[in-house]
Amino acid sequence: QVQLVESGGGSVQAGGSLRLSCTASGITFSSYTVGWFRRPPGKGREFLAAIRWDGATAHYGESVKGRFTISRDNAVNTVFLEMSSLKPEDTAVYYCAAEEWGTPDVSAPWDDYWGQGTQVTVSS
């Protein structure tokens, strides 16, 4: 059974930081590109960042460049999203997704596996 489990969400004040984790089981993690997405209240899904299966390449969405950093540790089947300088508009449910041998950007199909999401709330 394949699972992607996000953790690390919570409530933080504007300007603060959070680190999200996405831990996978049931897949050969080192074969999967992993991406982070979010869905703000009442809005559509937004691509945030993705990292290639070997960690060699990463891409970011324009709204988070310079503030968010994606990384991975294949030894523990986990991808991280370090978020800093958080703004109220970053409030959303954050999801990770895994795509086997996927291109690490928004153009990948992102239809292999998804997590259930973790809530991030940023107050002003």
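Quick look at the structure, then. (Residues numbered from 1 in each chain as written. Predicted model: local features only at pLDDT ≥ 70, side-chain atom pairs only at ≥ 80, totals over all residues. Heavy atoms only, no water.)

Okay, the pattern of salt bridges next. The full count for this structure, using the stated rule, is six salt bridges. What emerges from the salt-bridge pattern is a single network uniting Arg 38, Glu 46, Arg 67 and Asp 90. (Salt bridge = Lys/Arg side-chain N within 4 Å of Asp/Glu carboxyl O.)

Time to look at the environment of Arg 38. In this structure, Arg 38 sits in strand β4 (residues 32-39). Sequence separation between Arg 38 and Tyr 113 is 75 residues; the distance between their C-alpha atoms is 15 Å. Apart from residues lying up to four places away in sequence, Arg 38 is in contact with Gly 44, Arg 45, Glu 46, Leu 48, Ser 63, Val 64, Phe 68, Glu 89, Asp 90, Ala 92, Val 93 and Tyr 94. (Helix = DSSP H or I, 4+ residues; strand = E, 2+ residues; numbered from the N terminus. Contact = heavy atoms within 4.5 Å.)

Quick look at the packing of aromatic side chains now. Evaluation of the coordinates by the stated rule reveals six aromatic pairs. Between Phe 37 and Trp 110, the ring centres sit 5.3 Å apart and the planes meet at 80°, which makes this aromatic pair edge-to-face. Of this pair, Phe 37 sits in strand β4 while Trp 110 sits in the loop between β9 (92-100) and β10 (113-114), and the two are 73 residues apart along the sequence. What makes Phe 37 buried here is its relative accessible area of 3%. (Phe/Tyr/Trp six-rings, centres within 6.5 Å; stacked < 30°, edge-to-face > 60°. Buried < 20%, exposed > 50% of the residue type's maximum accessible area, 1.4 Å probe, protein only.)

With that settled, the discussion passes to the nonpolar core. Ranked by size, the top nonpolar core spans 27 residues in total, and within it Trp 36, Phe 68, Leu 81, Met 83 and Tyr 94 carry the most contacts. Of all the elements in the fold, those that place two or more residues in this core are β3 (18-25), β4, β5 (46-51), β7 (68-73), β8 (78-83), β9 and β11 (118-123). Discounting chain neighbours no more than four positions away, the residues touching Phe 68 are Arg 38, Leu 48, Tyr 60, Leu 81, Glu 82, Met 83, Ser 84, Leu 86, Asp 90 and Tyr 94. Within the second largest apolar cluster, six residues are counted, among which are Phe 37, Phe 47, Ala 108 and Trp 110. (Core = buried A, V, L, I, M, F, W, Y, C linked by side-chain atoms within 4.5 Å.)

A few words on the side chain of Arg 72. Following the sequence through the fold, Arg 72 ends up in strand β7. Put simply, Arg 72 is tucked away with no salt bridge, and the nearest opposite charge, on Asp 54, sits 6.9 Å away. Within the structure, the side chain of Arg 72 is placed 2.8 Å from the backbone oxygen of Tyr 32, a separation counted as a polar contact. A polar contact of 2.9 Å, which involves the side chain of Arg 72, links it to the backbone oxygen of Arg 52. If we skip the residues at most four places from it in the chain, Arg 72 touches Phe 29, Ser 30, Tyr 32, Thr 33, Val 34, Ile 51, Arg 52, Trp 53, Gly 55, Thr 78 and Val 79. (Lys, Arg positive; Asp, Glu negative; His and termini not counted. Polar contact = N/O pair within 3.5 Å; in protein donor to acceptor, adjacent residues only side chain to side chain.)

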